[in-house]
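Observations on the three-dimensional arrangement
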Amino acid sequence: MRDSSCIFCKIAGGEIPSATIYEDEKFRVILDLGPASKGHALILPKEHFANIYELDEETAAAAFVLAKKMAGKMTEALGCDGFNIVQNNGTVAGQTVFHFHIHLIPRYEGDGVALGWKPGELTEEQKEDILARLQ
Ligand code: 5GP
Ligand code: ZN
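Summarised in this report is the structure supplied together with it. Everything quoted here is computed from the prediction, not taken from an experiment.

Here's the deal with the site of ligand 1
Looking at ligand 1, there are 16 residues lining it, with Asp-32, Asn-88, Gly-94, Thr-96 and His-103 nearest. In the environment of ligand 1, a nitrogen atom lies 3.3 Å from a nitrogen or oxygen atom belonging to the backbone of Leu-33. One of the side-chain N or O atoms of His-101 is found 3.0 Å from an oxygen atom in ligand 1. Burial of ligand 1 by the surrounding chains reaches 79%, relative to a free accessible area of 520 Å². Elements supplying a minimum of two residues to the shell around ligand 1: α1 (7–12) and β2 (27–31). No other element matches the three residues that α1 contributes to the shell around ligand 1.

What follows is the structure in structure tokens.
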């Protein structure tokens, strides 16, 4: 299903032109308009899912297989030195377009791209609380 108000639905469906580097029945991979690095691309499912919570398992699996293939192909073609796969869900996590997508970010020595976080501390109390909730 597509969402008529969603820009990534329009791009994935070909209604809005994009710099497409890969396309099949289920996905389109496009260059990001505001790239973190040379070759930064986005995997867009053609079906609309707002985020990972809405995504079905089959599409989730296929999206990650495609991410793996694209990482290899892009690394070879662009000569990057490493690769980040990033996927944001929710405003608090940095999501700005609410159509599920995977960022493919080639990394180059000295590129200065900042995706990191300051390591915190896993306290005993927190650890016990999390284990009690999730195990
Ligand atoms: P998010 O912040 O939701 O994880 O990522 C959204 C990404 O989409 C951003 O990196 C942004 O640069 C990119 N973007 C937003 N609008 C467009 C667009 O119309 N075309 C393309 N190619 N990229 C877009
Ligand atoms: Zn959409």
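There is more to say, and it comes next.
Describing the coordination of the zinc ion (ligand 2)
Within the first shell, the zinc ion (ligand 2) binds the protein through Cys-6 (SG), Cys-9 (SG), His-48 (ND1) and His-99 (ND1), at distances of 2.1 to 2.3 Å. In this structure, the zinc ion (ligand 2) is surrounded by four donor atoms whose angles at the metal cover 104 to 117°, and the resulting shape is tetrahedral. Here the donor residues of the zinc ion (ligand 2) share one chain and are spaced in sequence as C-x2-C-x38-H-x50-H. On the criterion of sequence distance, the pair formed by Cys-9 in helix α1 and His-48 in the loop between β3 (41–45) and α2 (57–78) is long-range, its members being 39 residues apart. Judged on exposure class, the residue Cys-9 and its partner His-48 are both buried.

Quick notes on the rules
- Residues numbered from 1 in each chain as written.
- Chains lettered and ligands numbered in written order.
- Predicted model: local features only at pLDDT ≥ 70, side-chain atom pairs only at ≥ 80, totals over all residues.
- Heavy atoms only, no water.
- Near = heavy atom within 4 Å.
- Polar contact = N/O pair within 3.5 Å; in protein donor to acceptor, adjacent residues only side chain to side chain.
- Areas by Shrake-Rupley, 256 points an atom, 1.4 Å probe, with all protein chains shown as cover.
- Helix = DSSP H or I, 4+ residues; strand = E, 2+ residues; numbered from the N terminus.
- Donors = N, O, S within 2.8 Å, 3.2 Å for Na, K, Ca; no water.
- Tetrahedral: all angles 85-135°; square planar, octahedral: opposite > 155°, others 65-115°.
- Buried < 20%, exposed > 50% of the residue type's maximum accessible area, 1.4 Å probe, protein only.

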